[in-house]
Amino acid sequence: MRRNLYRTIAGCLLFTAVGFAQTIYKSAGTYPLQGEGFWDYLTFDTAANRLFIAHGTSIDVVDPQGKLLGQIPADGAHGTALVQDKNLGFSTNGRAGTITVFDLKSLKKLQDIKVSDGPDAIIYDPHSKHVVVMHGKSQSIEAINPDTKQIDATVPLGGKLEFAAADAGRVYINVEDKSEIAAVDTKTWKEVSRWKLADCEDPSGLAIDEKNHVLFTTCGNAKMLVLDTSNGKVVSTVKTGDGTDAGAFDPGTGYAFASNGEGTLTVVKKSGNGYDVAQDVQTMRSARTMAVDPNTHNVYLVGADFEAPAPGERRGKMKPGTFKLLVYSLAK
């Protein structure tokens, strides 16, 4: 009798735990993509409802179901920034040390801008109205004026720079090899703050909630740190999956995201005075970069299947024909 009672209680507790588990995001489709080779940042074009994928020797432009709409030539593609009111796109060529400027409607290349060594991440800051380029090799950022296509400022930051986010007056940059965030004043283009990220290894992805004045930085040791933009203090430390790379924030839902190479998407929500994990969504192994559409709230990731690495190699070769787009939407 007592044993059966314990089993009943345990079963009820398990049912309760499962019953209250939230399903916030679910798979909305998986679509094949063309081409082989490695990829980097994804950028969603809300005006034209399409996705820009940095993919080795090109920026691939696809619709939400993965249909190829066009390609912009690249030499070591890393990222894309869109300046909608100028009808311009800017993409980084890591090997060539240039920025390609292209027409957003025709997707035709207009010119290349010579920049410092190792251009990697790139964003458009609508507050300062500059395209901001992060450099891993030259350890600096450059601010490009989209009207003149000229570099207005170069800011040395002394470290391997990853992704950035901006608000009115500042741009914040992850300094990967130093586990820091650098804050740069976008009126003077001078570094004004440097925040050490305790217990955050190799910060890469960065996103911002301008309304609540917090940054979300993703760390290589399976964590997301949430920081106050006024002073750099950590508000919360949230557990993510292994292989965390990109970070994103959707102002419409208030959810922040970390895409993890292990094959998960961590959804983070505000909880009281801090932040907690709302859901860990199963994706696919290698799906480490993402973009969010703030209109539909869909999350887009790309991934591929890989062979086992040979002895002494960090990763194996991509299996042909396995590159794909993964779409996740809010559960109804």
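These numbers were taken from a predicted model, which means no experiment stands behind them. (Residues numbered from 1 in each chain as written. Predicted model: local features only at pLDDT ≥ 70, side-chain atom pairs only at ≥ 80, totals over all residues. Heavy atoms only, no water.)

Enquirer: Give a description of the packing of aromatic side chains that names residues and reports values.
Expert: Counted by the stated rule, this structure contains 11 aromatic pairs. Note on Phe44 and Tyr300: the rings are 5.1 Å apart at their centroids and 15° apart in plane angle, and the pair reads as stacked. One end of the pair, Phe44, is in strand β2 (residues 42–45); the other, Tyr300, is in strand β27 (residues 299–303), with 256 residues separating them in the sequence. For the residue pair Phe44 and Tyr300, the accessibility class agrees, reading buried in each case. An aromatic cluster is built from Phe38, Trp39, Phe306 and Phe323, whose rings are joined through pairwise contacts. (Phe/Tyr/Trp six-rings, centres within 6.5 Å; stacked < 30°, edge-to-face > 60°. Helix = DSSP H or I, 4+ residues; strand = E, 2+ residues; numbered from the N terminus. Buried < 20%, exposed > 50% of the residue type's maximum accessible area, 1.4 Å probe, protein only.)

Enquirer: Talk me through the pattern of salt bridges; I want residue IDs and the actual numbers.
Expert: In total, this model carries 11 salt bridges according to the counting rule given. The shortest N-O distance in the salt bridge between Lys160 and Glu162 comes to 3.2 Å. A relative accessible area of 33% means that Lys160 is categorised as partly exposed. Accessibility expressed as a relative area gives 9% for Glu162, which makes it buried. (Salt bridge = Lys/Arg side-chain N within 4 Å of Asp/Glu carboxyl O.)

Enquirer: Outline the pairing of strand β25 (residues 274–282), listing residues and values.
Expert: In the sheet, strand β24 (residues 264–271) pairs with β25 via 8 bridges, with the strands oriented antiparallel. Bridge assignment links Leu265 to a residue of β25, and that residue is Val281. With antiparallel pairing between neighbouring strands as the criterion, β24 and β25 make up a hairpin whose turn holds 2 residues, including Gly272 at a positive phi of roughly 65°. (Pairing = 2+ DSSP bridges.)

Enquirer: Kindly report on the nonpolar core, identifying the contributing residues and their values.
Expert: Within soluble globular proteins, side chains that are nonpolar tend to cluster in buried spots. Among the nonpolar cores identified, the biggest contains 33 residues, and Met134, Ile141, Val171, Ile173 and Trp189 are the most heavily contacted of them. Ranked by the residues each element gives to this core, the list is headed by strand β14 (residues 161–167), at 5 residues. In this structure, Leu265, Val267, Ala278 and Leu301 belong to the second largest nonpolar core, which totals 18 residues. (Core = buried A, V, L, I, M, F, W, Y, C linked by side-chain atoms within 4.5 Å.)

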